Amino acid sequence: MAEEEHDFEVADAGSSLTYPLQCSALRKNGFVVIKGRPCKVVDMSTSKTGKHGHAKVHLVGLDIFTGRKYEDLSPSTHNVEVPFVKRTEYELLDIDDGYLNLMTDSGETKQDVKAPEGDLGDKLQADFDDGKELIVTIVSAMNEEACISYREAPES
């Protein structure tokens, strides 16, 4: 028998990016995975049980990163995937080549979050250029991160 080579350099807890939840337990403003994208539920309606017994839930969700609208129809008794969504606030140190240079609470720097596009990005850049100290809110789910809002840091 040949010895197999194993590579154990990556230390990962192996935690899942999503967890199952019965479709009927979802609520508006909750999160759900529709067509492989993490979405915020903006509308949901339940149809009556039909001849074959399953009530259907019609879900409408907005992608939390792109804002794109997704719809899904599934039986209310079936499980759907719900993403683990985490919001974290960081102090903004610099905006460099379209990326945010952030500082965590522990003092470490984080430089892998893209600067937001559109109005939010323009306002963030303008306020940063004015010399204001800013706190940005980063939302992360399913190995993606994005800046969704910011505010001026309180005077200390």
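- As recorded in an unreviewed UniProt entry, the protein goes by Eukaryotic translation initiation factor 5A and comes from Dekkera bruxellensis.
- Per its UniProt entry, the protein bears the Sequence similarities (unreviewed entry) comment "Belongs to the eIF-5A family."

1. What to know about the overall build of the protein
So, step 1. When its secondary structure is counted, the protein shows one helix and eleven strands.
So, step 2. Reading the protein from its N terminus to its C terminus gives the helix and strand order β-β-β-β-β-β-β-β-β-α-β-β.
So, step 3. Expressed as a percentage of its 156 residues, the buried residues of the protein come to 33%.
So, step 4. Put simply, of all contacts in the protein between residues at least 6 apart along the chain, 48% involve residues at least 24 apart.
So, step 5. As displayed, the protein has an accessible area near 10800 Å², and 47% of this comes from carbon and sulfur atoms.

2. Details of the pairing of strand E10 (residues 134-141)
So, step 1. Counting buried residues in E10 gives eight out of eight residues, a clear majority hidden from the surface.
So, step 2. Where burial is concerned, the two faces of E10 agree: the one with Leu134, Val136, Ile138 and Ser140 and the one with Ile135, Thr137, Val139 and Ala141 are both buried.
So, step 3. As defined by bridge partners, strand E7 (residues 86-96) adjoins E10 across six bridges and the pair is classed as antiparallel. The partner of Glu91 across the bridge, within E10, is Ile135.
So, step 4. Here E10 runs beside strand E11 (residues 144-152); their pairing, made up of eight bridges, is antiparallel. Bridged to Val136 within E11 is Tyr150.

3. A few points about the sheet that holds E10
So, step 1. The strand order across the open sheet built from five strands is E9-E8-E7-E10-E11, with neighbouring strands paired in antiparallel fashion. The open sheet has two edge strands, strand E9 (109-114) and E11, and neither has a second partner. Strand-to-strand twist in this sheet, taken as the mean axis angle between neighbours without regard to direction, amounts to 45 degrees.

4. Remarks on the sheet that holds strand E2 (residues 31-34)
What links the strands of a sheet is backbone hydrogen bonding, and the strands pair in either a parallel or an antiparallel sense.
So, step 1. With respect to topology, four strands assemble into an open sheet ordered E2-E3-E4-E5, the strand pairing being antiparallel. Looking at the sheet topology across the chains shown, the edges are occupied by E2 and strand E5 (69-75). Recorded for the sheet is a direction-independent mean angle of 45 degrees between the axes of neighbouring strands.
So, step 2. Of the pairings in the sheet, the one linking strand E4 (residues 56-63) to E5 comprises seven bridges and is antiparallel in character. Note on E5: the bridge partner recorded for Gly61 is Tyr70.

Analysis parameters
- Residues numbered from 1 in each chain as written.
- Predicted model: local features only at pLDDT ≥ 70, side-chain atom pairs only at ≥ 80, totals over all residues.
- Heavy atoms only, no water.
- UniProt positions renumbered as here; feature names shortened; annotations may be inferred.
- Helix = DSSP H or I, 4+ residues; strand = E, 2+ residues; numbered from the N terminus.
- Buried < 20%, exposed > 50% of the residue type's maximum accessible area, 1.4 Å probe, protein only.
- Contact = heavy atoms within 4.5 Å.
- Areas by Shrake-Rupley, 256 points an atom, 1.4 Å probe, with all protein chains shown as cover.
- Pairing = 2+ DSSP bridges.
- Axes fitted to C-alpha atoms, helices over the stretch in contact; angles between N-to-C directions.

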